[in-house]
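# Architecture at a glance
Next come the chains, spelled out residue by residue.
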Protein chains: 2
Amino acid sequence: MPFQNDFFKSAFSVDNIIFGFDRDTLKVLLIKRAYEPFSGEWALPGDLVRPDEDLDQAAFRILEELTGVKDVYLDQVHTFGEVNRHPRGRVITIAYYSLVNIKNVSIRASSFADKVAWKELRSISKLAFDHYEIMQTCLRRLRRDVKFQPIGFELLPEKFTLTELQRLYESVLEKDLDKRNFRKKILSMNVLKSLDELQQNVAHRPAMLYSFDAEKYKLAKEQGFIFEL
Amino acid sequence: MPFQNDFFKSAFSVDNIIFGFDRDTLKVLLIKRAYEPFSGEWALPGDLVRPDEDLDQAAFRILEELTGVKDVYLDQVHTFGEVNRHPRGRVITIAYYSLVNIKNVSIRASSFADKVAWKELRSISKLAFDHYEIMQTCLRRLRRDVKFQPIGFELLPEKFTLTELQRLYESVLEKDLDKRNFRKKILSMNVLKSLDELQQNVAHRPAMLYSFDAEKYKLAKEQGFIFEL
DNA sequence: GCAAAAGTGTTTTCATTACACCCATGT
DNA sequence: ACATGGGTGTAATGAAAACACTTTTGC
């Protein structure tokens, strides 16, 4: 580390807001802090970035340590760096969000946390540090991204019904959608493949299962196709 | 600074890509580096963030030191933090972009720079550090933002003609627009005020001058209006 | 009077919206 | 047989796209 001076008295962390979707509600994975500062309060999972670690790597590490999942959607959102945002020194934080299938997550103990839990988004009104603001920023970002990129699927199981997909969009966007129009639109985009397979054991007419067709999407995108919902 | 350990051996900088618009071409303000590393190469203006300085403040400081302008549009884009992006240590950089009226800029000497100059975007193929990648990311961001936020005006003088505005959008978006449709659309959005004042000394029919009406836009936005071009 | 850019409406095309009934399954 | 959600088409509306000529000024 050849040059060091007053500027090298700071650190940077990554906070990763992990979104999950449960039946019809959006949730985020929070930790209850085990230590000061903000001991006992709920916070976003995060950690200091290690000296030999890229930022994205750090975000994936936090996610995997906490949930066991990897290879999921993850994107950088914004960097928060107010001088006094951390009571113990100058720490800026790079916020990421990730989208996981809540069923794939097996919550793991963490040295940082007393407790780890999925919390309904709507129920959260306060978090440690500036994490509430960070959460709001990430949520606005999710709401925008979901309209212009085919990432909704990341929150669902591999196989899903169109109604499940619609419920997902409805809760992310916080507005009701018309069933027929939704189906027409999403199917016309040609990024889903029908699995010729039906739901089992439901007390009503079973729905067709679909999955996202990443191949088809990739090709279409190269031809200039733009996903937009 | 109460806690310090191995993690506090890093620094963060802000790089600010400053866009200007000259007649019909997009330009960016670059500096020619005076010192190693990358001495003699063109780079984005930037600096380490001071210990008592917020990130946005740092970006504004860089802008003002270099150009004399302040109170202009400036927004954070992305944070670049690959382990080896800086040859002298772990330095992550938070990238910002700003939009200035090129006529208001009076380029100033800088301790960091041999030379400061406006460069046509299209002519740039290589920059110091990872600055070329940063520039591309900011440019993609500008192209997206300009369609959904009324920020094009920031690159023009206070008073401008509709044709000037159209040329601006055409060069940012890199595609030709239809004159009549463009005017219909932008005027229908009701965010411009006609100044009842004509161009002077032009060798053709003089055009009406307009300015952006921030008040009207603010009100319309509160009513749910969304700017979209 | 010529060159140069300003200004102006209508028609066609396409995407979005609104809307209601029958179907397949489990109990 | 009933309750539950699945699945389907059409007409009306509104936004976007295509398109050409007249006007005003300086030289």
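On a predicted model such as this, the values are computed, not experimentally measured, just so you know. Along each chain, residues carry numbers from 1 onward, in the same order as the chain's sequence is written. All chains are assigned letters beginning at A, and all ligands numbers beginning at 1, according to the order in which they are written. This being a predicted model, a pLDDT of at least 70 is required before a residue's local features are given, and a value of 80 or more before pairs of side-chain atoms are given or counted; all residues contribute to the totals for chains, interfaces and linings. Each side-chain value is derived from all of the structure's non-hydrogen atoms; neither hydrogens nor water enter the calculation.

Here the focus is the packing of aromatic side chains. Residue and element names in this part refer to chain A. Classification of ring pairs uses Phe, Tyr and Trp, with its six-membered ring standing for Trp, and accepts pairs whose centres are within 6.5 Å; under 30 degrees between planes counts as stacked, over 60 as edge-to-face, and the remaining range as tilted. Counted by the stated rule, this structure contains 17 aromatic pairs over all chains. Both rings, one in phenylalanine 153 and one in phenylalanine 160, keep their centres 5.8 Å apart while their planes meet at 25 degrees; by these two values the pair is stacked. As far as burial versus exposure is concerned, phenylalanine 153 and phenylalanine 160 are alike and both buried. For the exposure calls, accessible area comes from a 1.4 Å probe over protein chains only, and a residue counts as buried if that area is under 20% of its type's maximum, exposed if over 50%, partly exposed in between.

Turning our eyes to something else, we now look at the side chain of Arg33(B). Residues and elements named next belong to chain B. Its place among the elements puts arginine 33 in strand β2 (residues 25-33). When charges are counted, Lys and Arg are positive and Asp and Glu negative, with His and the chain ends excluded. Any carboxyl oxygen of Asp or Glu that lies within 4 Å of a side-chain nitrogen of Lys or Arg is treated as forming a salt bridge with it. Buried within the structure, arginine 33 lacks any salt-bridge partner; its nearest side chain of opposite charge belongs to glutamate 36, at an N-O separation of 7.3 Å. There is a polar contact of 2.7 Å between the side chain of arginine 33 and the backbone oxygen of proline 37. Elements are defined by DSSP. Helices are runs of H or I of four residues or more, strands are runs of E of two residues or more, and each kind is numbered from the N terminus. Nitrogen and oxygen atoms within 3.5 Å of one another constitute a polar contact, given that in protein one can donate a hydrogen and the other can accept it, and given that sequence-neighbouring residues count only through two side-chain atoms.

Below, the discussion takes up the protein's contact with DNA strand C. Any residue with a non-hydrogen atom lying within 4 Å of a molecule or strand is treated as near it. Taken together, 21 residues lie around DNA strand C, and Val202(A), Pro206(A), Thr163(B), Lys179(B) and Met208(B) are the ones closest in. If you look at DNA strand C and keep only atoms within 4 Å of the protein, 43% of those are sugar or phosphate atoms. Within the side chain of Thr163(B), an N or O atom sits 2.9 Å from a phosphate oxygen of DNA strand C. Side-chain polar atom of Arg183(B) to a phosphate oxygen of DNA strand C: 3.2 Å apart, as the coordinates give it. Secondary structure elements with two or more residues in the surface near DNA strand C: α4 (179-188) of chain A together with α4 (179-188) of chain B.

Below, the discussion takes up the domain arrangement of chain A. Residue and element names in this part refer to chain A. Each domain span listed reflects an automatic or database assignment of domains. In terms of domains, chain A is made up of domain 1 (6-148) and domain 2 (156-222). On a C-alpha basis, the centroid separation for the pair domain 1 and domain 2 is 28 Å. We call two residues in contact when some of their heavy atoms are within 4.5 Å. If you look at the interface, domain 1 gives 9 residues, while domain 2 gives 10 residues. Together, the buried faces of domain 1 and domain 2 total about 890 Å²; carbon and sulfur atoms form 67% of this surface. Taken together, the connections running from domain 1 to domain 2 amount to 1 salt bridge. Across the pair glutamate 174 and arginine 143 runs a salt bridge whose closest N-O atoms are separated by 3.3 Å. At the boundary of domain 1 with domain 2, the tally comes to 2 residue pairs in polar contact (both at pLDDT 80 or more). Looking at the side of domain 1 that touches domain 2, the element that brings in the most residues is helix α2 (residues 131-148), giving 4 residues. By buried area we mean the combined loss of accessible area, with a 1.4 Å probe, across both parts when two parts are placed together.

Next up on the list: the packing of helix α2 (residues 131-148) of chain B against helix α3 (residues 162-173) of chain B. Residues and elements named next belong to chain B. Between α2 and α3, the shortest axis-to-axis distance is 9 Å and the interhelical angle comes to 140 degrees. The angle between the axes of α2 and α3 places the two elements in the oblique class. Considering only the axes of α2 and α3, their crossing is left-handed. In this structure, α2 contributes Leu142, Arg143, Val146 and Lys147 to the contact, and α3 contributes Tyr169, Val172 and Leu173. For helices, the fitted line uses only the C-alpha atoms of the stretch in contact; every axis is such a line through C-alpha atoms, and the angle between N-to-C directions lies from 0 to 180 degrees. Angle categories: roughly parallel below 35 degrees, roughly antiparallel above 145, roughly perpendicular from 65 to 115, and oblique for all the rest. Take the far helix as the reference: if the near one is turned anticlockwise from it by less than a right angle, the crossing is left-handed, and if turned clockwise, right-handed.

Here the expected length of a helix is defined as 1.5 Å per residue gap, with one fewer gap than residues. If you check α2(A), its first and last C-alpha atoms are 26 Å apart, about what 18 residues at 1.5 Å a residue would give, namely 26 Å. The inward-facing, buried residues of α2(A) contact β1 (11-22), β2 (25-33), β3 (42-43), β5 (73-80), β6 (91-99) and α3 (162-173) of chain A.

All names here are of chain A. Burial analysis of β5 places 6 of its 8 residues in the buried class, the great majority of the element. Sheet topology note: the β5/β6 ladder contains 7 bridges and is antiparallel. The residue bridging phenylalanine 80 from the neighbouring strand is threonine 93, located in β6. Two strands form a pair only when DSSP identifies at least two bridges running between them.

What follows deals with the protein's contact with DNA strand D. Within the structure, DNA strand D sits among 21 residues, and Lys179(A), His204(A), Met208(A), Val202(B) and Arg205(B) are positioned closest to it. Taking all atoms of DNA strand D within 4 Å of the protein, the share assigned to sugar and phosphate is 40%. In this structure, Ala203(A) approaches DNA strand D through a main-chain N or O atom, which is 3.4 Å from a base oxygen. Between DNA strand D and Asn181(B), the relevant distance is 3.0 Å, taken from a base nitrogen to a side-chain nitrogen or oxygen of the residue. Those elements that place two or more of their residues in the surface near DNA strand D are α4 of chain A together with α4 of chain B. Tallied by class, residues from the surface near DNA strand D come to 7 nonpolar, 4 polar and 10 charged. Gly falls in the polar group here, along with every residue not listed as nonpolar (Ala, Val, Leu, Ile, Met, Phe, Trp, Tyr, Cys, Pro) or charged (Asp, Glu, Lys, Arg).

All names here are of chain B. When you line up the elements, glutamate 64 lands in helix α1 (residues 55-67). A relative accessible area of 31% places glutamate 64 in the partly exposed class. Note: C-alpha distance between glutamate 64 and serine 194 (130 residues apart in sequence) is 31 Å. With residues up to four places along the chain from it excluded, the contact list for glutamate 64 reads Val69, Lys70 and Arg108.

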